Amino acid sequence: MANLYVKKLEGRPGRQLAYRLAYGCDLLEALQGIVEEEDVRFGSINFLGSVLKARVGYFLVEEKRFITMEIDQLLEILSGLGNVSLKDGKPFVHAHVTFLDREGKVHGGHLLPGTIVYAGEVFIEEIELPAPPERVYDPVTGLNLWE
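Keep in mind that what you see is a predicted model, and the values were worked out from it rather than measured. (Residues numbered from 1 in each chain as written. Predicted model: local features only at pLDDT ≥ 70, side-chain atom pairs only at ≥ 80, totals over all residues. Heavy atoms only, no water.)

### Structural notes on the overall build of the protein chain
Put simply, the test is: Secondary structure is summarised from DSSP: a helix means a run of H or I of at least four residues, a strand means a run of E of at least two, and numbering begins at the N terminus for each. It is over C-alpha atoms that the radius of gyration is taken, and the globule rule equals 2.2 Å times the number of residues to the power 0.38. The buried label goes to any residue with under 20% of its type's maximum accessible area, the exposed label to any with over 50%, and the partly exposed label to all in between, with areas taken from a 1.4 Å probe on protein chains only. Accessibility throughout is a Shrake-Rupley quantity obtained with a 1.4 Å probe, and a residue counts as covered only by protein chains that appear here.
Looking only at helices and strands, the protein chain features one helix and nine strands. Listing every helix and strand of the protein chain by position from the N terminus yields β-α-β-β-β-β-β-β-β-β. For the protein chain, the C-alpha radius of gyration of 16 Å lies close to 15 Å, the compact-globule estimate for 147 residues. A total of 147 residues make up the protein chain; the buried ones form 39% of that total. Counting every atom, the protein chain has about 9,100 Å² of accessible surface; 54% of that belongs to carbon and sulfur.

Spelled out as structure tokens, the structure:
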């Protein structure tokens, strides 16, 4: 049987946190600020609401680089999902988001700075581990993945 995973982590449930985000804040900066302030070192994030404008990335596998897409209109957040791990020894948010525009078109990608909140609610579930995983560069994929 082929390898199904590279690493298994098993921890215990930690804190469950909930936040209402401020109008006009940068969504990724807010998420990053929360995990740094609360010292969340490993866990999951989910969020919903709406944004005034969005910036998302798409990873070009062949070139091992992200391209950026900007959507300058009010959008509903259908789903925002992410995780927290360590990068360079500090809490780091990795999140993806799916949006809906007023015509019913769906947009999404890797959440980038420049996505501005209209209204937002965030839930963070911490997972306690003796040694949270650190993100390091993976030469095979060109991404920063758990060590």
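### Notes on the side chain of Glu126
For clarity, the threshold we go by: We call two residues contacting when some pair of their heavy atoms lies within 4.5 Å.
Position of Glu126 among the secondary structure elements: in strand S7 (residues 116-128). Residues within four places of Glu126 in sequence aside, it is in contact with Arg12, Pro13, Gly14, Arg15, Asp39, Val40, Phe42 and Gly43.

### Brief notes about helix H1 (residues 27-38)
Operational definition: Here a helix's expected span is defined as the number of its residues, less one, multiplied by 1.5 Å.
Across its 12 residues, H1 extends 17 Å between first and last C-alpha, which sits within 8% of the 16 Å expected from 1.5 Å per residue. Looking only at H1, the buried set comprises Leu27, Leu28, Ala30, Leu31, Gln32, Ile34 and Val35. At its buried positions, H1 is contacted by strand S1 (12-21), strand S2 (43-60), strand S4 (75-87), strand S5 (90-100), strand S6 (106-111) and S7. At the exit of H1 stands Asp39, carrying a positive phi of roughly 55°.

### Things to note about the pattern of salt bridges
Short version of the rule: One side-chain nitrogen of Lys or Arg within 4 Å of one carboxyl oxygen of Asp or Glu is enough to make a salt bridge.
Summed over the entire model, instances satisfying the criterion amount to seven salt bridges. With a closest N to O distance of 2.7 Å, Arg12 and Glu128 form a salt bridge. Of this pair, Arg12 sits in strand S1 while Glu128 sits in strand S7; the two residues are 116 residues apart in sequence, bridging distant segments of the chain. Using a relative accessible area of 30% as the deciding quantity, one classes Glu128 as partly exposed. Note that Arg65 is salt-bridged to Glu63, the shortest N-O span being 2.6 Å.

### A closer look at the packing of aromatic side chains
We apply this condition: Ring pairs shown here join Phe, Tyr and Trp side chains whose ring centres sit within 6.5 Å, with only the six-membered ring taken for Trp; geometry is labelled stacked below 30 degrees between planes, edge-to-face above 60, and tilted in between. Counting as a charge over the ring demands two things of the Lys NZ or Arg CZ atom: a distance within 6 Å of the ring centre and an angle within 35 degrees of the ring normal.
A complete count under the given rule lists three aromatic pairs for this structure. Ring centres of Tyr23 and Tyr118 lie 5.6 Å apart, and the angle between their planes is 70°; this geometry places the pair in the edge-to-face category. Placement of the pair is Tyr23 in the loop between S1 and H1 and Tyr118 in strand S7, with a sequence separation of 95 residues. Across the ring face of Phe92, the terminal group of Lys87 is positioned such that the distance to the ring centre comes to 4.9 Å.

### Notes on the environment of Ile71
Looking at the element boundaries, Ile71 is found in strand S3 (residues 65-71). Classification of Ile71 by relative accessible area gives buried; the value is 11%. In the structure, Ile71 is positioned 16 residues away from Arg55 in sequence and 6.5 Å away in space, judged by C-alpha atoms. The residues touching Ile71, leaving out its near neighbours within four places in the chain, are Lys53, Ala54 and His107.

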